[in-house]
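Observations on the model geometry
Residues per chain, in single letters:
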Amino acid sequence: TMPSADAMAQASPAIIDRFQAIKKVDLSRMSNLAGNIEVFKDMQIKELNLYYCYNLIGVMPPNIFVLLLEGKAHLKNCGTITMPSADAMAQASPAIIDRFQAIKKVDLSRMSNLA
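Attention here is on the structure that accompanies the text. (Residues numbered from 1 in each chain as written. Predicted model: local features only at pLDDT ≥ 70, side-chain atom pairs only at ≥ 80, totals over all residues. Heavy atoms only, no water.)

Digging into the overall build of the protein chain
Scanning the protein chain for helices and strands turns up 5 helices and 6 strands. Ordered by position in the sequence, the α and β elements of the protein chain form the string α-α-β-β-β-β-α-β-β-α-α. Here the C-alpha atoms of the protein chain give a radius of gyration of 14 Å, agreeing with the 13 Å that 2.2 N^0.38 yields for 115 residues. Projecting the C-alpha coordinates of the protein chain onto the three principal axes gives extents of approximately 40 × 35 × 25 Å. Among the 115 residues that make up the protein chain, the fraction classed as buried is 34%. (Helix = DSSP H or I, 4+ residues; strand = E, 2+ residues; numbered from the N terminus. Rg over C-alpha atoms; globule rule 2.2 N^0.38 Å. Buried < 20%, exposed > 50% of the residue type's maximum accessible area, 1.4 Å probe, protein only.)

Description of helix 3 (residues 62–70)
With 8 of 9 residues buried, helix 3 lies mostly within the body of the structure. On the buried face of helix 3, the contacting elements are strand 3 (47–49), strand 5 (73–74), helix 4 (86–90) and helix 5 (94–102). Gly71 lies just past helix 3 and shows a positive phi near 80°. (Contact = heavy atoms within 4.5 Å.)

Considering the side chain of Asn63
Its location among the elements puts Asn63 in helix 3. Within polar-contact distance, the side chain of Asn63 engages the backbone oxygen of Met43 at 3.0 Å. (Polar contact = N/O pair within 3.5 Å; in protein donor to acceptor, adjacent residues only side chain to side chain.)

A short note on the packing of helix 3 against helix 5
Here helix 3 crosses helix 5 at 25°, and the two axes come no closer than 10 Å. If you check the angle between helix 3 and helix 5, you find them roughly parallel. The crossing of helix 3 and helix 5 is left-handed. For the pair formed by helix 3 and helix 5, the contact residues are Pro62, Asn63, Phe65, Val66, Leu67, Leu69 and Glu70 on the first element and Ile96, Arg99 and Phe100 on the second. In terms of residue class, the contact of helix 3 with helix 5 is built from 7 nonpolar, 1 polar and 2 charged. (Axes fitted to C-alpha atoms, helices over the stretch in contact; angles between N-to-C directions. Parallel < 35°, antiparallel > 145°, perpendicular 65-115°, else oblique. Left-handed = near helix turned anticlockwise from the far one by under 90°. Nonpolar A, V, L, I, M, F, W, Y, C, P; charged D, E, K, R; others polar.)

Some words on the sheet that holds strand 5
In any sheet, the strands associate via hydrogen bonds between backbone groups, in a parallel or an antiparallel arrangement. Within the open sheet, the 3 strands sit side by side as 1-3-5. Their pairing is parallel. Unpaired on one side and paired on the other, strand 1 (24–26) and strand 5 mark the two borders of the sheet. Judged from the 3 bridges that link them, strand 1 and strand 3 form a sheet pairing that is parallel. What sits directly across from Val25, in strand 3, is Leu48. (Pairing = 2+ DSSP bridges.)

Overview of the packing of aromatic side chains
All told, the structure shown has 3 aromatic pairs when counted by the stated rule. Aromatic side chains Tyr52 and Tyr54 sit 6.1 Å apart centroid to centroid with 65° between the ring planes, which places their arrangement in the edge-to-face category. Tyr52 sits in the partly exposed class, given a relative accessible area of 22%. Given the relative accessible area of 45%, Tyr54 is considered partly exposed. With centroids separated by 6.2 Å and ring planes inclined at 35°, the aromatic side chains of Phe65 and Phe100 adopt a geometry described as tilted. Highlighted residues: Phe65 in helix 3 and Phe100 in helix 5, separated in sequence by 35 residues. In this structure Phe100 comes out as partly exposed when scored by relative accessible area, which is 34%. What links up through ring pairs into an aromatic cluster is the set Tyr51, Tyr52 and Tyr54. (Phe/Tyr/Trp six-rings, centres within 6.5 Å; stacked < 30°, edge-to-face > 60°.)

Structure, rendered in structure tokens:
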């Protein structure tokens with residue numbers, strides 16, 4: 001089971017610094033991995049591969065949503081993943097909003113698990 005966002009918020013500063021320094025996450029085919037995708041909300045990751053993480057669920061944080069739209073996050077065959085609300089996107093950092101607005105083409109045709 002992945003730690004919750006609340007558990008990560010209570011971690012020591014050294015652990016948080018190490019966690020935030022991660023740029024690429026590949027947990028593909030970890031079919032027993034359970035948790036909420038929200039745990040990635042404060043990470044500055046550039047690539048995310050969660051193929052076949054069947055028990056990963058939740059509302060995508062804006063940074064992960066933008067990665068997905070950019071083709072840098074792979075969420076095929078995860079549990080039910082919900083796209084962020086318009087309010088959540090409006091509250092995203094200026095850098096995330098700039099990246100979101102720069103997207104010209106999106107292909108989510110293989111994403112049957114998006115809600």
